[in-house]
Amino acid sequence: MRPHTWLFLTTGLFATLLLGAFMLLEADAQPGGSKRETATQFADRLFEFDKNKDGKLTKDEVTDTRLHALFERADANNDGTVTREELESLFTRESLPDKGGFGPGDKKGPKGKGKGPPFPPQS
Amino acid sequence: MHLSGLLSRRQILLGGALGAAAWLVPGAYAQELATTPAMTEGPFYPDRLPLDTDNDLVIVNNSTTPAIGEITHLTGRILTRNGSPLNNAVVEIWQVDNNGAYLHSGSDNGNRRDRNFQGFGRFTTNERGEYRFRTIKPVAYPGRCPHIHVKVKRGDRELLCTQLFIAGHPANARDGIYRNAGGIIERELVTVDFRRIADTRVPECRANFDIVLGVTPAERDR
């Protein structure tokens, strides 16, 4: 193989790897944006708390008390346990669209700093 | 228990080899907590810090006139993922006054700024990782739902910059920054109950915002 072919292949491989790494980070940069969480992924994350692996969550298992209010909203039949179906149902109820409404607001520059208006118009 | 799914891939990548090793030690952590999501600092961190930067934002220096707004007692703890408190962490907050003006030369509404509102405050956590502020309940301003900016530092290192929001506020769902905080779990972690305190002469409320950091200097030293 001629030297410039090697150069071509190496450059191509490097560019592909770089693009792949960039896409991975970019997808994570906006978890609610370009790569939206699905109902299944949401339930999977919470089921990491399912210590006894019985397919049901209890409040005791959810060791992060900041998520207890979410647990209570998910427990639609108030039986003290949360199933995967209840979590997926909560996901449907509480998912917010990526776009629409106002914002991002604070992402704009302050007045006089040359980054555009301080706030987008109120809607 | 592994809660690796509650961490983003980026955090895992940034956590590096030390973080990976910690997951491999059985029973290393008594409990695992979800990491508070980082959020944009925005452009209104004070461009000139006030002389008074204490944790009472309702009174500036020795003034006898309090700020306008619903007084809020904001408390919380700075924790690592295993629930250990982080002492000597400096917690900074900044927010608009009751007229929607920041303590910043570029703020809209600057001419109407409440001179009795400090706009910015600092507090160093104790050995239980606790912090405490007296401030006002945040209000909405054009483009944003009510929120308080929060930054956590230790030594020269900035550990987290985020924002907290009022649970149940109707403007949250229209706020681009709130919507893009992450998924439902991330939004939950930055959404705070502002509970009215009973039997106060004027309405006051209490809010608790515990912050869980990813890799911290304390973990690094362990």
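Our structure's up above, just so we're on the same page.
Residues numbered from 1 in each chain as written. Chains lettered and ligands numbered in written order. Predicted model: local features only at pLDDT ≥ 70, side-chain atom pairs only at ≥ 80, totals over all residues. Heavy atoms only, no water.

K.L.:
Is there a simple way to explain the packing of helix α2 (residues 39–46) of chain A against helix α4 (residues 84–94) of chain A in this structure?
P.N.:
The description of two helices packed together rests on the angle between their axes and the distance between the axes. Residues and elements named next belong to chain A. Running from amino to carboxyl end, α2 crosses α4 at an angle of 125°, the nearest separation of the two axes being 9 Å. Taken together, the axes of α2 and α4 are oblique relative to one another. Between α2 and α4 lies a crossing whose hand is right-handed. Between α2 and α4, the contacting residues are A39, T40, F42, A43, D44 and L46 on the first element and R84, L87, E88, L90 and F91 on the second. Its residues assigned to classes, the contact of α2 with α4 shows seven nonpolar, one polar and three charged. (Axes fitted to C-alpha atoms, helices over the stretch in contact; angles between N-to-C directions. Helix = DSSP H or I, 4+ residues; strand = E, 2+ residues; numbered from the N terminus. Parallel < 35°, antiparallel > 145°, perpendicular 65-115°, else oblique. Left-handed = near helix turned anticlockwise from the far one by under 90°. Contact = heavy atoms within 4.5 Å. Nonpolar A, V, L, I, M, F, W, Y, C, P; charged D, E, K, R; others polar.)

K.L.:
Can you help me understand the packing of aromatic side chains in this one?
P.N.:
The relative placement of two aromatic rings is captured by the distance of their centres and the angle of their planes. All told, the structure shown has eight aromatic pairs over all chains when counted by the stated rule. On the basis of an interplanar angle of 40° and a centroid distance of 5.7 Å, the ring pair of F42 of chain A and F91 of chain A is categorised as tilted. Remark: F91 of chain A occurs in helix α4 and F42 of chain A occurs in helix α2; sequence separation between them is 49 residues. Note on accessibility: F42 of chain A and F91 of chain A belong to one class, buried. Taking the centre distance of 4.6 Å and the plane angle of 10° together, the rings of F44 of chain B and Y102 of chain B count as stacked. Of this pair, F44 of chain B sits in the loop between α1 (9–24) and β1 (71–79) while Y102 of chain B is found in the loop between β2 (90–94) and β3 (120–124), placing the two residues 58 residues apart along the sequence. For F44 of chain B, a relative accessible area of 1% corresponds to the buried category. Looking at Y102 of chain B, the relative accessible area reads 1%, which means it is buried. Ring pairs connect the aromatic residues F44, Y102 and Y141 of chain B, which therefore count as one cluster. In this structure, R84 of chain A packs its charged tip against the face of F47 of chain A, placed 4.8 Å from the ring centre. (Phe/Tyr/Trp six-rings, centres within 6.5 Å; stacked < 30°, edge-to-face > 60°. Buried < 20%, exposed > 50% of the residue type's maximum accessible area, 1.4 Å probe, protein only. Lys NZ or Arg CZ within 6 Å of the ring centre and 35° of its normal.)

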